[in-house]
Amino acid sequence: MYVQEPIAILDSGVGGLTVVKEVMRQLPREKIIYFGDTARAPYGPRPAEEVHRFTSEIVHYLIQYRPKMLVIACNTATAVALEDIRSCVSIPVVGVIHPGARAANGRTQTGIIGVIGTEGTIRSGAYEQALKQLSSSNEVISLACPRFVPLVEKGNFRSEETYETVRESLESLKQRQLDTLILGCTHYPFLADTISEVMGKGITLISSADETAREISTILYDRNRMASNNELPVHHFFCSGEPGMFKSIAQQWLGEQIDLTPVVWQVPNIV
């Protein structure tokens, strides 16, 4: 009997659903197991040691499902724990920072690249390091936007409050001559329309979620690990906190893609 190996995706909350959406679109036959740590979100303000511990706990939980790949869809967790997790498991582990940096490096015309993210991601300097490795002439302007994740976790994507929060948060970036802006948190694509409206038409937004999905596809193809069956997969979605809002946001964001695919919703007991 054929047993499909899943792709395991973890995040601090609902942000990783932006990666899930792209994986579902690009790889509709792949089974996904998703874990959103909504009980402990956001990760951005937390100490690095705590984020590392939380990430390790979730990885340990997900490994029981025998995934063929692990995706750390949280920028803060990627910055803090990616290399350690890679050393602990025998499957490919993908983060969200390098795919986003490569895409921005390829799109910028001026070499002036903005990065917005959580306090933890910006504090780590991970994007700046990745962008400088790609081109030493890149000028990187980083800005922490800690007010964005709580908006997304409440499902508040478009409102007057959201617009004002984004406008106030990005005011300093608008004074700079950047031409490319990395959404350095997988929660931020939920606010992409508002961010684009505030920043103006001349700024190219780079979603690390979209680029990560492309990298997942490339790795699976290169390793000959693409799903080989023709049946629709049954996805599993886990959250550690109150499931109502999580399920509502997932259904809203994934829309038609989740309507076409069987889904199991669960709340695991790991916290």
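Going by the annotation in an unreviewed UniProt entry, the name recorded for the protein chain is Glutamate racemase, with Paenibacillus plantiphilus given as the source organism. Note on the protein chain: under the UniProt heading Catalytic activity (unreviewed entry), the record states "L-glutamate = D-glutamate". What UniProt states about the protein chain under its Pathway (unreviewed entry) heading is, verbatim, "Cell wall biogenesis; peptidoglycan biosynthesis."

**Student:** I tried to follow the domain arrangement of the protein chain on my own but got confused; where do I start?
**Tutor:** A common measure of how large an interface is: the accessible area buried when the components associate. Looking at the protein chain, the domain boundaries give domain 1 (7-95 + 211-262) and domain 2 (97-208). Contact with domain 1, which involves 29 residues of that partner, is made by 28 residues of domain 2. In this structure, the connection of domain 1 to domain 2 is made through 1 salt bridge. The salt bridge partner of E215 is R102, with a shortest N-O separation of 2.1 Å.

**Student:** When you look at the sheet that holds strand β8 (residues 204-207) in this model, what are you seeing that I'm missing?
**Tutor:** Sheets are built from strands that pair by backbone hydrogen bonding, the pairs being arranged parallel or antiparallel. If you trace the 4 strands from one edge of the open sheet to the other, you get β6-β5-β7-β8, paired in parallel fashion. The open sheet has two edge strands with one neighbour each: β6 (139-144) and β8. For this sheet the average axis-to-axis angle between neighbouring strands, irrespective of direction, equals 25°. The pairing of strand β5 (residues 112-117) with strand β7 (residues 180-183) spans 4 bridges and is classified as parallel. Bridge assignment links V115 to a residue of β7, and that residue is I182. Those strands touched by helix α9 (residues 192-199) are β5, β7 and β8, and its axis lies near 155° from that of β7.

**Student:** So what exactly am I meant to see when it comes to the packing of aromatic side chains here?
**Tutor:** Centre distance and the angle of the planes are the two values used to describe a pair of aromatic rings. Inspection of every chain in the model, using the stated rule, returns 12 aromatic pairs. Ring centres of Y34 and F237 lie 5.9 Å apart, and the angle between their planes is 40°; on these two criteria the pair is classed as tilted. Separated by 203 residues along the polypeptide, Y34 in strand β2 (residues 32-36) and F237 in strand β9 (residues 235-239) bring together distant segments of the chain. With a relative accessible area of 0%, Y34 lands in the buried category. Centroid distance Y34 to F246: 6.1 Å. Interplanar angle 15°. Geometry classified as stacked. A residue pair is termed long-range when its members are at least 10 positions apart, and Y34 in strand β2 and F246 in helix α11 (residues 243-254) qualify at 212 residues. Under the relative-accessibility criterion, F246 is labelled buried at 3%. Its guanidinium or amino end placed over the ring of W253, K21 lies 4.5 Å from that ring's centre, counting from NZ or CZ.

**Student:** Explain the UniProt feature "binding site: substrate" (unreviewed entry) in the protein chain to me, please; I cannot follow it from the model alone.
**Tutor:** Taking the UniProt record as the reference, the feature "binding site: substrate" (unreviewed entry) is found at D11, S12, Y43, G44, N75, T76, T186 and H187. A maximum C-alpha distance of 12.0 Å places the annotated residues, which cover 177 residues in sequence, within one compact spot. Restricting the annotated residues just mentioned to those that line the largest cavity leaves D11, S12, Y43, G44, N75, T76, T186 and H187. When you line up the elements, S12 lands in the loop between β1 (7-11) and α1 (17-26). For S12, a relative accessible area of 4% puts it in the buried group. Beyond its immediate chain neighbours, meaning those up to four positions away, S12 contacts G36, D37, T38, A41, Y43, C74 and H187. You can call T186 buried: its relative accessible area is 1%. What T186 contacts, discounting residues up to four positions off in sequence, is D11, G15, G16, T18, V19, A73, C74, N75, V96, S208 and A209. Separated by 3.2 Å, the side chains of T186 and D11 make a polar contact.

**Student:** For this particular structure, what's the right way to read the sheet that holds strand β4 (residues 93-94)?
**Tutor:** The strand order across the open sheet formed by 6 strands is β4-β3-β1-β2-β9-β10, and the pairing between neighbours is parallel. What marks the edges here is a single partner per strand, and that holds for β4 and β10 (263-266). Contacts between helix α2 (residues 48-63) and the sheet are confined to β1, β2, β3 (69-72) and β9, with β1 contributing the most and set at about 155° to the helix. On the sheet, helix α10 (residues 208-222) packs against β1, β3 and β4 and is oriented at approximately 165° with respect to β3.

**Student:** Which parts of the structure should I look at to understand the side chain of T121?
**Tutor:** By the element assignment, T121 lies in helix α5 (residues 119-124). Polar contacts involving the side chain of T121 include one to the side chain of T118, which spans 3.2 Å. When sequence neighbours within four positions are dropped, the list of residues in contact with T121 reads N75, T76, A126, Y127 and G184.

**Student:** Got a minute to help me understand the packing of α1 against α11 in this structure?
**Tutor:** Axis angle and axis distance: for two packed helices, these are the angle between their axes and the distance between the axes, and together they describe the pair. In contact at an axis separation of 10 Å, α1 and α11 are set at 40° when each is read in the N-to-C sense. In terms of their interaxial angle, α1 and α11 are classed as oblique. For α1 against α11, the interelement crossing comes out right-handed. On the side of α1, the interface is formed by L17, T18, V20, K21 and M24, while α11 contributes I249, A250, W253 and L254.

Conventions used here
Residues numbered from 1 in each chain as written. Predicted model: local features only at pLDDT ≥ 70, side-chain atom pairs only at ≥ 80, totals over all residues. Heavy atoms only, no water. UniProt positions renumbered as here; feature names shortened; annotations may be inferred. Domains from an automatic or database assignment. Contact = heavy atoms within 4.5 Å. Salt bridge = Lys/Arg side-chain N within 4 Å of Asp/Glu carboxyl O. Pairing = 2+ DSSP bridges. Helix = DSSP H or I, 4+ residues; strand = E, 2+ residues; numbered from the N terminus. Axes fitted to C-alpha atoms, helices over the stretch in contact; angles between N-to-C directions. Phe/Tyr/Trp six-rings, centres within 6.5 Å; stacked < 30°, edge-to-face > 60°. Buried < 20%, exposed > 50% of the residue type's maximum accessible area, 1.4 Å probe, protein only. Lys NZ or Arg CZ within 6 Å of the ring centre and 35° of its normal. 1 Å grid on protein atoms, 1.4 Å probe; cavity = no way out; pocket = protein on both sides within 12 Å on 5 of 7 lines; lining within 4 Å. Polar contact = N/O pair within 3.5 Å; in protein donor to acceptor, adjacent residues only side chain to side chain. Parallel < 35°, antiparallel > 145°, perpendicular 65-115°, else oblique. Left-handed = near helix turned anticlockwise from the far one by under 90°.

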